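Listed below, chain by chain, are the residues.
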Amino acid sequence: YRASLNKIKHSPTRTLDGVDIALQANIEFPEDMTAVKRVGCESVGLYRTEFLYMNRQQAPDEEEHLDAYVRVLQSLRGGPVTIRTLDLGADKQVDSRIHLSPSANPALGLRAIRLCLRDLQLFRPQLRAILRASAKGHVRLMVPMVSSPQEMIQVRNLIGEIRNELIQKKIPFDPQMPIGAMIEVPALAICVDLFTPYADFFSIGTNDLIQYSLAIDRVDNSVNYLYDPLHPAVLRLIKMSIDAANKAAKSVSMCGEMAGDQRYVRLLLGLGLRAFSVNPESFLEVKQTINHSEIKGLIRLANRMLKAKTNEEVTSLLEQINGTK
Ligand code: PEP
Ligand code: MG
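Residues numbered from 1 in each chain as written. Chains lettered and ligands numbered in written order. Predicted model: local features only at pLDDT ≥ 70, side-chain atom pairs only at ≥ 80, totals over all residues.

Visitor: Whenever I open this one, the UniProt feature "binding site: phosphoenolpyruvate" (unreviewed entry) in the protein chain confuses me. Can you help?
Guide: Per the UniProt entry, the sites bearing "binding site: phosphoenolpyruvate" (unreviewed entry) are Arg48, Arg84, Asn207, Asp208 and Arg218 in this numbering. One can find aspartate 208 in helix H9 (residues 206-214). Assignment of secondary structure puts arginine 218 in the loop between H9 and helix H10 (232-247). For arginine 218, a count of 16 C-beta atoms within 10 Å puts it in the partly exposed group. (UniProt positions renumbered as here; feature names shortened; annotations may be inferred. Helix = DSSP H or I, 4+ residues; strand = E, 2+ residues; numbered from the N terminus. Buried ≥ 20, exposed ≤ 12 C-beta atoms within 10 Å, placed from the backbone.)

Below, the structure is given as structure tokens:
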């Protein structure tokens with residue numbers, strides 16, 4: 001089986017009915033690029049940057065950010081990388097200068113973009129470094145945990161200011177660098193149209209989208225039996241997100257764990273997903289599944305899944321989806 005996976009390393013990701021699918025990798029450290037290259041992957045759809053803040057007293061400076069981003073770009077020979085801005089707080093606590101005040105509900109508190117917009121001294125060096133990296137390859141900037149259009153407007157204004165600083169200092173950057181939003185808060189999934197003026201692209205973060213739509217803490221073991229990617233509410237939010245992004249002609253990908261889970265790949269194709277970003281370990285298996293799928297039949301079954309009334313119906317439909325060619 002492994003050998004058959006190795007054979008598809010350099011072939012395109014395309015369904016049996018000829019639909020090209022974008023398949024990218026998720027990374028957390030520049031070192032992860034070794035695993036990415038090993039599976040023949042040429043682009044990164046989610047670069048989590050929290051590692052830069054781990055095991056240290058001081059937040060990293062602009063040069064350290066830049067260094068990490070350039071390393072990833074170089075190993076992709078400039079190929080596309082989507083850098084996600086800092087997503088600290090809640091499940092991602094680090095030992096650093098940034099001591100978040102304890103909150104009774106950290107997942108609903110000052111995390112990710114909320115924290116960054118509150119502490120611009122923390123955020124600016126990262127934004128400057130991402131802009132500078134954009135001069136050295138194809139870089140996209142992605143904002144986590146967005147819940148209001150105002151947050152995207154603030155990010156864009158901040159980036160506008162930094163661009164002017166860079167222009168004055170004659171430091172190069174890509175003026176066209178796309179700025180996108182993660183869809184991880186149900187409010188965004190429900191109102192994608194309100195965000196399209198401020199987001200060049202979207203990426204669905206199912207880990208958080210499931211947590212927030214089902215109101216279950218993703219790190220609380222006592223409720224993880226309720227963590228269900230197949231809940232009709234989750235599937236409808238995913239479908240709404242894809243449809244609304246398509247309608248606005250904005251690209252939409254999925255970078256949460258669900259995208260790399262064999263059980264859900266075909267269902268997601270049926271829901272209209274055409275871009276996946278997955279862990280390097282799942283990359284070839286996902287590619288294999290996509291290459292053996294036919295989208296036509298999947299659309300009908302996925303639509304039935306959105307209306308499934310019982311767990312038995314969900315299970316049976318999923319079997320049909322994964323049994324179909
Ligand atoms: C997600 O929430 O699905 C996601 C990709 O982000 P993270 O897992 O880093 O919160
Ligand atoms: Mg998330």
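What follows continues from the structure just given.
Visitor: What should I look at first to understand the pairing of strand S2 (residues 44-48) in this one?
Guide: Note on strand geometry: in a regular strand, side chains alternate between the two faces of the sheet. In terms of residue burial, S2 counts as a mostly covered element, since four of its five residues are buried. Bridge analysis of strand S1 (residues 22-27) against S2 gives three bridges, and the strand direction is parallel. If you follow asparagine 26 over to S2, its bridge partner there is leucine 46. With helix H2 (residues 33-38) bridging S1 and its parallel neighbour S2, the resulting β-α-β unit is right-handed. Two strands pair when backbone bridges link them, and S2 and strand S3 (residues 81-84) are joined in this way by three bridges, in the parallel orientation. Counterpart to valine 44 in the pairing with S3 is valine 81. You can see the chain leave S2, run along helix H3 (residues 62-75) and come back into S3, and the turn it takes is right-handed. (Pairing = 2+ DSSP bridges. Right-handed = clockwise from strand over helix to strand, strands pointing away.)

Visitor: Sorry if this is basic, but what is going on with the packing of helix H5 (residues 120-133) against helix H6 (residues 149-168) here?
Guide: For any two helices packed against each other, the geometry is given by the interaxial angle and the distance between the axes. Here H5 crosses H6 at 60°, and the two axes come no closer than 10 Å. The interaxial crossing formed by H5 with H6 has right-handed handedness. Facing H5, whose interface residues are Arg124, Leu127, Arg128 and Leu131, H6 presents Leu158, Ile159, Ile162, Arg163 and Leu166. Residue composition of the contact of H5 with H6, by class: six nonpolar, no polar and three charged. (Axes fitted to C-alpha atoms, helices over the stretch in contact; angles between N-to-C directions. Left-handed = near helix turned anticlockwise from the far one by under 90°. Contact = placed C-beta atoms within 7 Å. Nonpolar A, V, L, I, M, F, W, Y, C, P; charged D, E, K, R; others polar.)

Visitor: Would you mind going over the environment of aspartate 217 with me for this structure?
Guide: Relative to the assigned elements, aspartate 217 resides in the loop between H9 and H10. Sequence separation between aspartate 217 and methionine 305 is 88 residues, and the spatial gap between their C-alpha atoms is 25 Å. The residues touching aspartate 217, leaving out its near neighbours within four places in the chain, are Ala107, Gln211 and Val223.

Visitor: Help me understand the site of ligand 1 in this model?
Guide: By nearness alone, every residue bordering ligand 1 is listed as Leu46, Arg48, Asp87, Glu184, Gly205, Thr206, Asn207, Asp208, Cys255 and Gly256. Mapped onto the shell around ligand 1, the elements with two or more residues apiece are S2 and H9. Per element, the largest residue contribution to the shell around ligand 1 is three residues, and it comes from H9. Its residues assigned to classes, the shell around ligand 1 shows two nonpolar, four polar and four charged. (Near = placed C-beta within 6 Å.)

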